[in-house]
Structures are given as structure tokens and as C-alpha cells.
Amino acid sequence: MLVLGIESSCDETGVALYDTDGGLLAHQLHTQMAMHAEYGGVVPELASRDHIRRAIPLTEACLAEAGKTLADLDAIAYTQGPGLGGALLVGASVANALAFGLNIPVLGVHHLEGHLLSPLLAEPKPAFPFLALLVSGGHTQLMAVRGVGDYQILGETLDDAAGEAFDKTAKLLGLPYPGGPLLSRLAEEGDPARFTLPRPMLNSGDLDMSFSGLKTAVLTLSKQVADADGHIDEQTRKDICRAFQEAIVEVLTKKSLAALKQCGMKRLVVAGGVGANKQLRAALDEAARRRRFEVFYPPLALCTDNGAMIAFAGAMRLRHAQAPGSYSIKPRWDLSALPPA
């Protein structure tokens, strides 16, 4: 079965072809990062208009890369939610129009399910069941995954997600949009011993997390180390970045270990944009070595939003006889509300 996947939930247009026999055949991605940088954040109307411009050319490029035509498609999957309403409508419209014209099934996919299953595109791939640490944009969750559609949330952030905390902290430190990845790069050159920031809810006794207080602690520290004009020297900025990242990584690592122990699993899957963070991967790899469990990540190119994860999740749903979806979007959509496959 050859499935075309279309992702347009926010500020990246992703298109991919996944074959249930041949694997991922091609994927194309356009990021709107440079466009939104002028405004310091995502402008929903501009995002929607750019998706309109990119969706068809990226689809054509993807088909050409794989040496396929529209007539070869067996089904189309698109991101149904959650995300920006206007942006989601673009993907839904393109997917449903193509499917109607080709008389093939079309399926709406949950964006977070796409991230959750994306490590299955890597080699080696994890087997079910596994514990998932989902750190994507506005979501940070720990969940037990026993199969496609069988997800149990064990813990999540009570306020800012890890990705949001990275971006908001970067903005506090005067870093340009998108600041999260730049903060991580600066942290690599920071002194881990100079500053120590709080680890919110590290010893709360449950699997929930909180990162808004950490952002406030960075603001307080920044004011303390700034000169009379409010400026922070570059090395100090790097040291603050390192202290912030150390705190995030320690919380995510300890909560993941507690979740593994609670559910009795020996496999951890990390998915989402923050899953590309080098320090987080190093910490989890070391913990896996010491505690003797396996840890899996999606390929770096598939950590952020992309069409490959949507095509793959759609293929998994269709393989399990999931009924085709209707022309609709769900800007707010609880992952736990998904039906089992």
C-alpha cells in the first residue's frame, strides 16, 4: 500500500510517500522559519497562505523523487489536528480533493500520534509495548504505548511544555526566533558548574512536570548578572543556557526512569522536536546503559514536523482496517480520545 502523507499543522509543510512493503520512499519539507522570524513568532494567517503555495509543488516533487505518479497512490493521510485551524484546513483540503479525484481512501491523522510512531521509521525499530516520552512543541507527555491507538497518559506538563520553555527562555535571553535550537547550541559551550537552576516537580512523587517556574528563574538570574545597562556578556549567556538545559534534561530523564519502573517496561521511545537535543539523548543513553533498558529515537530529520510521520501513521491505521476519515479538522484534539486501531 502506497500512502501519501501531508503535514500542515503549524509552520512547516511536509509531504511524504510511505510504502508498506518498501518503507519511506521520499519526503519533502518546507519550513517557514525565515518568514516568521521577522515577527518573532508564528503568524497563523501567513502560515496558512504559505501552506497553500507549497502543498502541491511539494507533492509533485515527492512523487518525482520516488518515481511515482498520483495513479500509484492507494491512500492519502493528512494531519487532522491538533494545530492552527487555517493551516490544518490547507492539508485537509488538498488531501480530500486528491482522494476524491483519485477515488481512494483519505484518513485524518492525529499530529501527536505521528510523532509517537515516528521512531518506528528508524532501524532498529522498537517493538510494542513501550514507554514514550513525547516532547513536541506545546506537548510534553509520558505514556504507555501498547499498540497503535492504545495509549495511556502517565504524566504530562501542568503548564509550559519543554519545547515552549526552550523558546520562551531563549526570547528572555534575547535570542532570535526560533530560539530553542539556538539555546541548545549555546548550551554546548556553557559552563555546567557556574549556575544551578531549580528542577520543578523533580521529587513530586508523580510523573507530572512543570517548566514555567524554570523560565521565571532564568529571568531572575538574568537580571542578577546583567550590567548597569541590562546587558549580559556572551559567555554568561551561554552558561545560563547550559544551566537551563541541564535542569530540563534532568527532569525529563528522572521522570522517564520513574515511568519505566512504574509500568515495568524495558523500552523507551523519545519523539518530538526536543528529542533531537544532544544532551537529552546523551543523558538517556547513559541511563539506559546503567539501568539496562533500550532507548529509541526517530532519525534527526524526522524529529520535527514532517510528512513522513503522517504517511506512516496513516498506513498503520489503514493496515488495521481503520475506516477512512471525513473532511474535517480538529485544532484541539486529545490524543487519549483516539480509537484503538
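The model shown is predicted, which means the values in this text are computed figures rather than measured ones. (Residues numbered from 1 in each chain as written. Predicted model: local features only at pLDDT ≥ 70, side-chain atom pairs only at ≥ 80, totals over all residues. Heavy atoms only, no water.)

## Structural notes on the sheet that holds strand S5 (residues 106-110)
So, point 1. Read across the sheet, five strands follow the order S3-S2-S1-S4-S5 without closing on themselves; strand pairing throughout is mixed. Here the strands that pair on one side only, and so sit at the sheet edges, are strand S3 (23-31) and S5. Mean inter-strand twist for the sheet, computed between neighbouring axes without regard to direction, equals 20°.
So, point 2. One ladder, built from six bridges, connects strand S1 (residues 2-7) with strand S2 (residues 12-19); its direction is antiparallel. In the strand pairing of S2, Leu-4 is matched with Leu-17.
So, point 3. Seen against the sheet, helix H2 (residues 44-66) touches S1, S2 and S3 and runs at an angle of roughly 150° to S3.
So, point 4. In the packing of helix H10 (residues 307-319) onto the sheet, the strands contacted are S1, S2, S3, strand S4 (75-81) and S5, and the crossing angle to S1 comes to about 130°. (Pairing = 2+ DSSP bridges. Helix = DSSP H or I, 4+ residues; strand = E, 2+ residues; numbered from the N terminus. Axes fitted to C-alpha atoms, helices over the stretch in contact; angles between N-to-C directions. Contact = heavy atoms within 4.5 Å.)

## Observations regarding the packing of helix H5 (residues 162-172) against helix H6 (residues 179-187)
So, point 1. Where H5 contacts H6, the axes come no closer than 7 Å and their chain directions differ by 75°. Between H5 and H6, the crossing angle belongs to the class labelled roughly perpendicular. Listed contacts from H6 to Phe-166, Asp-167, Thr-169 and Ala-170 of H5 are Gly-179, Gly-180, Pro-181, Leu-183 and Ser-184.
So, point 2. Here the residues of the contact of H5 with H6 sort into four nonpolar, four polar and one charged. (Parallel < 35°, antiparallel > 145°, perpendicular 65-115°, else oblique. Nonpolar A, V, L, I, M, F, W, Y, C, P; charged D, E, K, R; others polar.)

## Topic: the pattern of salt bridges
So, point 1. Tallied over the entire structure, the rule returns 16 salt bridges.
So, point 2. Lys-168 is paired through a salt bridge with Asp-160; the nearest N and O atoms lie 3.0 Å apart.
So, point 3. Look at Lys-168 and you get partly exposed, because its relative accessible area is 35%.
So, point 4. On the accessibility criterion, Asp-160 (8% relative accessible area) is buried.
So, point 5. Measuring nitrogen to oxygen at the nearest pair gives 3.9 Å for the salt bridge that ties Glu-188 to Lys-278. Taken together, the residues Glu-188 in the loop between H6 and helix H7 (212-225) and Lys-278 in helix H9 (residues 278-291) connect sequence positions 90 residues apart.
So, point 6. What emerges from the salt-bridge pattern is a single network uniting Asp-50, Arg-53 and Arg-54. (Salt bridge = Lys/Arg side-chain N within 4 Å of Asp/Glu carboxyl O. Buried < 20%, exposed > 50% of the residue type's maximum accessible area, 1.4 Å probe, protein only.)

## Here's the deal with the side chain of Asp-160
So, point 1. Here Asp-160 shows up in the loop between strand S8 (150-156) and H5.
So, point 2. A distance of 3.2 Å separates a polar atom in the side chain of Asp-160 from a polar atom in the side chain of Lys-215.
So, point 3. With residues up to four places along the chain from it excluded, the contact list for Asp-160 reads Ala-165, Lys-168, Phe-211, Ser-212 and Lys-215. (Polar contact = N/O pair within 3.5 Å; in protein donor to acceptor, adjacent residues only side chain to side chain.)

## Let's talk about H5
So, point 1. Three or more residues of H5 are buried, namely Ala-162, Gly-163, Ala-165, Phe-166, Thr-169 and Ala-170. Viewed along the axis of H5, the buried residues span an arc of 160°, placing them on a single side of the element.
So, point 2. Looking one or two residues beyond H5, the residue adopting positive phi is Gly-174, at roughly 80°. (Arc of directions from axis to C-beta.)

## Overview of the sheet that holds S8
So, point 1. If you walk across this open sheet you meet the five strands as S8-S7-S6-S9-S10, and the pairing is mixed. Looking at strand neighbours, the two that pair on one side only are S8 and strand S10 (294-296), the edges of this open sheet. Looking at each pair of strands side by side, their axes are set apart by 25° on average, direction ignored.
So, point 2. In terms of strand pairing, strand S7 (residues 139-147) meets S8 through six bridges, oriented antiparallel. Counted as the bridge partner of Val-145 is Tyr-151 from S8.
So, point 3. In the packing of helix H8 (residues 234-263) onto the sheet, the strands contacted are strand S6 (130-136), S7, S8 and strand S9 (267-271), and the crossing angle to S6 comes to about 155°.

## Thoughts on the nonpolar core
So, point 1. Residues Phe-244, Ile-248, Leu-252 and Leu-268 are the most contacted members of the largest nonpolar core, which totals 49 residues.
So, point 2. Breaking this core down by element, the ones donating at least two residues are S6, S7, H5, H6, H7, H8, S9 and H9.
So, point 3. Residue contributions to this core peak at 12 residues, all from H8.
So, point 4. Counting residues in each nonpolar core, the second largest holds 35 residues, with Ala-75, Val-269, Phe-296 and Ala-313 among its members. (Core = buried A, V, L, I, M, F, W, Y, C linked by side-chain atoms within 4.5 Å.)

## A word on the packing of H2 against helix H3 (residues 85-102)
So, point 1. One way to put it is that H2 packs onto H3 with a least axis distance of 8 Å and a crossing angle of 25°. Considered as vectors, H2 and H3 are oriented roughly parallel to each other. Seen along the crossing, H2 lies across H3 with a hand that is right-handed. On the side of H2, the interface is formed by Ser-48, His-51, Ile-52, Ala-55 and Ile-56, while H3 contributes Gly-86, Ala-87, Val-90 and Val-94. (Left-handed = near helix turned anticlockwise from the far one by under 90°.)

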